[in-house]
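Overview (structure and organization)
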Amino acid sequence: MPAPPAGPRPDRSTQAARQRVVGMLGGMSWESTAEYYRLANELVRERLGGLHSARLLLASVDFAEIERLQVAGEWDRAGELLAGEAARLEAAGAELLVLCTNTMHRVADQVQAAVDVPLLHLADATAAAVRAAGLSTVGLLGTAFTMEQAFYRDRLAGHGLHVLVPGAADRAEVHRVIYDELCLGVVREESREAYRQVIGRLVDAGAEGVVLGCTEIELLVGAGDSPVPVFPTTRLHVEAAVTAALDGVPVG
């Protein structure tokens, strides 16, 4: 029986011409923001071929200032700083924004309120991937802020997911590795093994998958370090942004 005729192929030249400009709000840390930039360009090249690359604007903040505000609990002030950067990206021509950090989605609503262009929420892109995989219970790794505060877990739960977090000692170690090592570009085998053990305990507690809910964590562990599927939030976020930029998919 002959195969059915293939549907119309997307017109790459048309896609390239209408590619929306993505504004990246990064620098938290620059190690992970570099991954955002690399992935966006690789994905656009895969989609369009040849010498095509992503149309991007990047605002990179001084992470030391943001980290100080995190520790002090001055989230409104941090939100003001990021909202100002978002407004500058919009003024420069950004048509879609991505906040290149899980933790600072704590102030995503404040950032979105400062601009008219859409902000693609990282947790929404992640939840869509988890649901597409047919899973309902996930473990969450991230900074202490992400694991312990409600803003991220509640966003995932809003998509029908049950979220597990590590115990207190494991949370402290996961957080320490992020700030003391990964944000500084340090990748240690001992820390990789520690994360594997934390993942194992989440799986024992019922996790069907694990959300790598910090952009730096993907520098340390991946699918080969877990007995269940992992969901790399950086890649998932960038994939959603590229799809929105090339295909005009509505955001929000």
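As a reminder, the structure under discussion sits directly above these lines.
All figures in this text were calculated on a predicted structure; none of them were measured in a lab. (Residues numbered from 1 in each chain as written. Predicted model: local features only at pLDDT ≥ 70, side-chain atom pairs only at ≥ 80, totals over all residues. Heavy atoms only, no water.)

For the rest of this paragraph, the subject is the pairing of strand β4 (residues 137-141). Among the 5 residues of β4, 5 are classified as buried, and the element is accordingly described as predominantly covered. On β4, burial covers both faces: Thr 137, Gly 139 and Leu 141 on one face and Val 138 and Leu 140 on the other are all buried. Here 3 bridges tie β4 to strand β5 (residues 162-164), and the two strands are oriented parallel to one another. In the sheet register, Gly 139 faces β5, and the bridge partner there is Leu 164. Where β4 and strand β6 (residues 209-212) come together, 4 bridges link them in parallel fashion. Paired with Val 138 across the bridge in β6 is Gly 209. (Buried < 20%, exposed > 50% of the residue type's maximum accessible area, 1.4 Å probe, protein only. Helix = DSSP H or I, 4+ residues; strand = E, 2+ residues; numbered from the N terminus. Pairing = 2+ DSSP bridges.)

For the structure shown, the criterion picks out 2 cavities of 30 Å³ or more. Each pocket or cavity is described by its volume, and for the largest cavity that value is around 80 Å³. Taken together, 14 residues make up the lining of the largest cavity; nearest its centre are Met 28, Thr 101, Thr 103, Thr 143 and Glu 216. Contributions of two or more residues to the lining of the largest cavity are made by α3 (63-72) and α9 (168-180). For the lining of the largest cavity, the residue count by class is 7 nonpolar, 6 polar and 1 charged. Two domains share the lining of the largest cavity, each providing at least three of its residues, namely domain 1 (22-122 + 237-246) and domain 2 (136-228). Volume-wise, the second largest cavity comes out at about 40 Å³. If you go around the second largest cavity, the residues you meet are Gln 19, Arg 20, Val 22, Ala 40, Val 44, Ala 54, Arg 55, Leu 56, Val 242, Ala 245 and Leu 246. Take the lining of the second largest cavity: its biggest share by element is 3 residues, from helix α11 (residues 233-247). Taken together, the residues of the lining of the second largest cavity break down into 8 nonpolar, 1 polar and 2 charged. (1 Å grid on protein atoms, 1.4 Å probe; cavity = no way out; pocket = protein on both sides within 12 Å on 5 of 7 lines; lining within 4 Å. Points joined across faces, edges and corners; volume = space filled by probe spheres on them. Nonpolar A, V, L, I, M, F, W, Y, C, P; charged D, E, K, R; others polar. Domains from an automatic or database assignment.)

As a packed pair, helix α6 (residues 122-132) and helix α8 (residues 150-157) sit with axes 9 Å apart at the nearest point and diverge in direction by 40°. Classified by the angle their axes make, α6 and α8 are oblique. For the crossing formed where α6 meets α8, the hand is right-handed. Every residue of α8 that contacts α6 at Leu 122, Ala 123, Asp 124, Thr 126 and Ala 127 is listed here: Tyr 152, Arg 155 and Leu 156. Its residues assigned to classes, the contact of α6 with α8 comprises 5 nonpolar, 1 polar and 2 charged. (Axes fitted to C-alpha atoms, helices over the stretch in contact; angles between N-to-C directions. Parallel < 35°, antiparallel > 145°, perpendicular 65-115°, else oblique. Left-handed = near helix turned anticlockwise from the far one by under 90°. Contact = heavy atoms within 4.5 Å.)

Next up on the list: α6. Inspection of α6 places Leu 122, Ala 123, Ala 125, Thr 126, Ala 127, Ala 129 and Val 130 among the buried residues, and these make up the whole buried set. Remark: Gly 134 follows α6 within two positions and exhibits a positive phi of approximately 80°.

This paragraph deals with the state of the cysteines. Applying the stated criterion across every chain yields a total of 0 disulfides. Of all cysteine sulfurs in the structure, the one in Cys 214 sits closest to Cys 183, which takes part in no disulfide; the separation is 6.1 Å. Overall, the relative accessible area of 12% leaves Cys 183 in the buried class. (Disulfide = S-S within 2.5 Å.)

Once that is clear, we can look at the packing of helix α2 (residues 30-48) against α11. Packing of α2 against α11 leaves a shortest axis separation of 9 Å and a crossing angle of 45°. Regarding the angle of α2 to α11, the classification is oblique. Between α2 and α11 the crossing geometry is right-handed. Where α2 abuts α11, its residues Glu 35, Tyr 36, Leu 39, Ala 40, Leu 43, Val 44, Arg 47 and Leu 48 lie against Thr 234, Arg 235, His 237, Val 238, Glu 239, Val 242, Thr 243, Leu 246 and Asp 247. Within the contact of α2 with α11, the residues separate by chemical class into 9 nonpolar, 3 polar and 5 charged.

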